[in-house]
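Coordinate analysis (summary)
Next come the chains, spelled out residue by residue.
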Amino acid sequence: MSLEVRYPSGQFRSELPSNVKSNRTDSSSGKFFKALVKIILTIGAIIMIIPIIVIVFCLGVLLIFSLGVTIPILKVMGTGTIFLTGFTIMNNKGISKKYTPLLVFLLIFSALFLAGQYDVQSLNCPLHTNYNQMMPTLQFFVSIIGFLGFFYNGFILIKKSRK
Amino acid sequence: MGIGVLIYELSIIATTIILWLFMTKKGYKNVTRKFIILFVGVILFEIISEPMWLNTGFDSWAYIYGDITWVLTLGWVNAFMLAILGVDYFYGELSEKKKFFLYLLFISALVIPAEAFMISLGVRGYAEFLLETMRSGIVIPVLYLPLESIYAVPIFCALILSFYKYINYLVDNRK
């Protein structure tokens, strides 16, 4: 997610209030909290390594051994992505970079939505589960509402910003 | 278990109130709005992933739909808010991209032990079809959590964080 870019119509604002200076570690409590945050981040990094390795491994397994099964999923996801990108560019020639996260949201929701259409449980990979069970009617509709909400939000705002 | 769960529920609510008061007193802007956006982000993804987790044993007033509890949602909100405050305070000079990953690390370090604690308390469990996928038998040392239980953490945390940052950004820059 390209959150680092400097946006033309505004930027991410710091959570800190203007009267609070960042990284003040001159006091002993400041040093203590900084050390505490460092320890927490280190623990988080150790924990985070596990899913990253497993996800990379499973993607490898998936691509190498299950290409035939995954092709329809990739095909539909690919088509969805192309459609979404095409539609966005077509309707918004000067699309602002600030809507990149919106597209990422849409793609993730599309992925979840589309995953619900396939029974991928037969693949022997711990990342897979039966998404048909995971997505009963309500969750399905919530996904659609979320999807439409982001869609509406993004496109209406883009149109407004073009005027 | 009843008293233990009640204490757990009350401590989550108290933490939220303390965080809210702290931020308001320190001059943070739009504190309530930030909490609401985070709450909506968490609840949205909790609803989507609801069949995967079992939240049992909470008091009846804590449930809002199925086995989704607003108290646990507040717990997630607290974890996210603490991560955002901590990283922004000590690493505020970094770019949003770098801070985003630091938030994820911070939240993981808070959420995984909390998950283990809730399982030991008996208020958290996994759906049967999810347990079927946890076949490796590998358990995280100290926490006694199945290794597979943490796959979703970075994914869902990334989604919620993006949601929070993005909606805040849109609201901040609306004209």
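Since this is a predicted model, take the numbers as computed values, not measurements. (Residues numbered from 1 in each chain as written. Chains lettered and ligands numbered in written order. Predicted model: local features only at pLDDT ≥ 70, side-chain atom pairs only at ≥ 80, totals over all residues. Heavy atoms only, no water.)

1. Overview of the overall build of chain A
Looking only at helices and strands, one finds 5 helices and 0 strands in chain A. Going from the N terminus to the C terminus, chain A shows its helices and strands as α-α-α-α-α. Within chain A, the fraction of its 163 residues that count as buried is 34%. Nonlocal contacts in chain A, meaning residues at least 24 apart in sequence, comprise 62% of its contacts between residues at least 6 apart. (Helix = DSSP H or I, 4+ residues; strand = E, 2+ residues; numbered from the N terminus. Buried < 20%, exposed > 50% of the residue type's maximum accessible area, 1.4 Å probe, protein only. Contact = heavy atoms within 4.5 Å.)

2. A few points about the packing of helix H1 (residues 2-25) of chain B against helix H3 (residues 70-90) of chain B
Residues and elements named next belong to chain B. Look at H1 against H3: their axes get within 9 Å of each other, and the N-to-C directions meet at 40 degrees. It follows that H1 is oblique to H3 by the angle criterion. In terms of crossing hand, the pair formed by H1 and H3 is left-handed. Each of Tyr8, Glu9, Ile12, Ile13, Thr15, Thr16, Leu19, Phe22 and Met23 in H1 lies in contact with H3, whose residues at this interface are Trp70, Val71, Leu72, Leu74, Gly75, Asn78, Met81, Leu82 and Leu85. Each residue belonging to the contact of H1 with H3 can be placed in one class, and the counts come to 13 nonpolar, 4 polar and 1 charged. (Axes fitted to C-alpha atoms, helices over the stretch in contact; angles between N-to-C directions. Parallel < 35°, antiparallel > 145°, perpendicular 65-115°, else oblique. Left-handed = near helix turned anticlockwise from the far one by under 90°. Nonpolar A, V, L, I, M, F, W, Y, C, P; charged D, E, K, R; others polar.)

3. Quick word on the pattern of salt bridges
Residue and element names in this part refer to chain B. Summed over all chains, the structure comprises 5 salt bridges over all chains. Asp88 serves as the salt-bridge partner of Lys99, at 3.7 Å between the closest nitrogen and oxygen. Note that Lys99 is positioned in helix H4 (residues 96-121) and Asp88 in helix H3, a separation of 11 residues in sequence. Grouping residues by exposure puts Lys99 and Asp88 together as buried. One salt-bridge network, in which partners are shared between bridges, spans Asp88, Glu96, Lys99 and Lys165. (Salt bridge = Lys/Arg side-chain N within 4 Å of Asp/Glu carboxyl O.)

4. Concerning the confidence of the model for chain A
Residue and element names in this part refer to chain A. Confidence along chain A averages 59 in pLDDT terms, with 22% of residues attaining 70 or more. The secondary-structure element of chain A with the lowest mean pLDDT is helix H4 (residues 131-134), recorded at 46, while helix H1 (residues 28-65) shows the highest, at 76. Predicted confidence for residues 1-9 stays below pLDDT 50, and this span has 23 contacts to residues more than four positions away or in other chains. Low confidence marks residues 116-143, where pLDDT is under 50. Its contacts with residues over four positions away, or in another chain, come to 64 contacts. (pLDDT = per-residue confidence, 0-100.)

5. Focus: the environment of Trp53(B)
Residues and elements named next belong to chain B. Mapped onto the elements, Trp53 comes out in strand E1 (residues 53-55). The exposure class assigned to Trp53 is buried, which follows from its relative accessible area of 13%. When the C-alpha positions of Trp53 and Gly125 are compared, they lie 5.9 Å apart, and in sequence the two are 72 residues distant.

6. Remarks on the packing of H3(B) against helix H6 (residues 152-172) of chain B
How two helices pack is summed up by the angle between their axes together with the distance between the axes. Residue and element names in this part refer to chain B. For the pair H3 and H6, interaxial distance at closest approach is 12 Å and the crossing angle is 70 degrees. By the angle between their directions, the pair H3 and H6 is classed as roughly perpendicular. Relative to H6, H3 is oriented so that their crossing is right-handed. Facing Trp76, Phe80, Met81 and Ile84 of H3, the residues of H6 in contact are Cys157, Ile160, Leu161 and Tyr164.

7. As for the side chain of Thr69(B)
Residue and element names in this part refer to chain B. Checked against the element boundaries, Thr69 lands in strand E3 (residues 68-69). In this structure the side chain of Thr69 is engaged in a polar contact, spanning 2.9 Å, whose partner is the backbone nitrogen of Leu72. Not counting the four nearest positions on each side in its chain, Thr69 is found in contact with Glu46, Asn55, Phe58, Ala62 and Tyr63. (Polar contact = N/O pair within 3.5 Å; in protein donor to acceptor, adjacent residues only side chain to side chain.)

8. Examining H1(B)
All names here are of chain B. The end-to-end C-alpha distance of H1, which contains 24 residues, comes to 34 Å, matching closely the 34 Å that a straight helix rising 1.5 Å per residue would cover. Where H1 is concerned, the buried positions are Val5, Tyr8, Glu9, Ile12, Ile13, Thr16, Leu19 and Met23. Positive phi shows up at Gly27, right after H1, with a value of about 90 degrees. (Expected span 1.5 Å × (residues − 1).)

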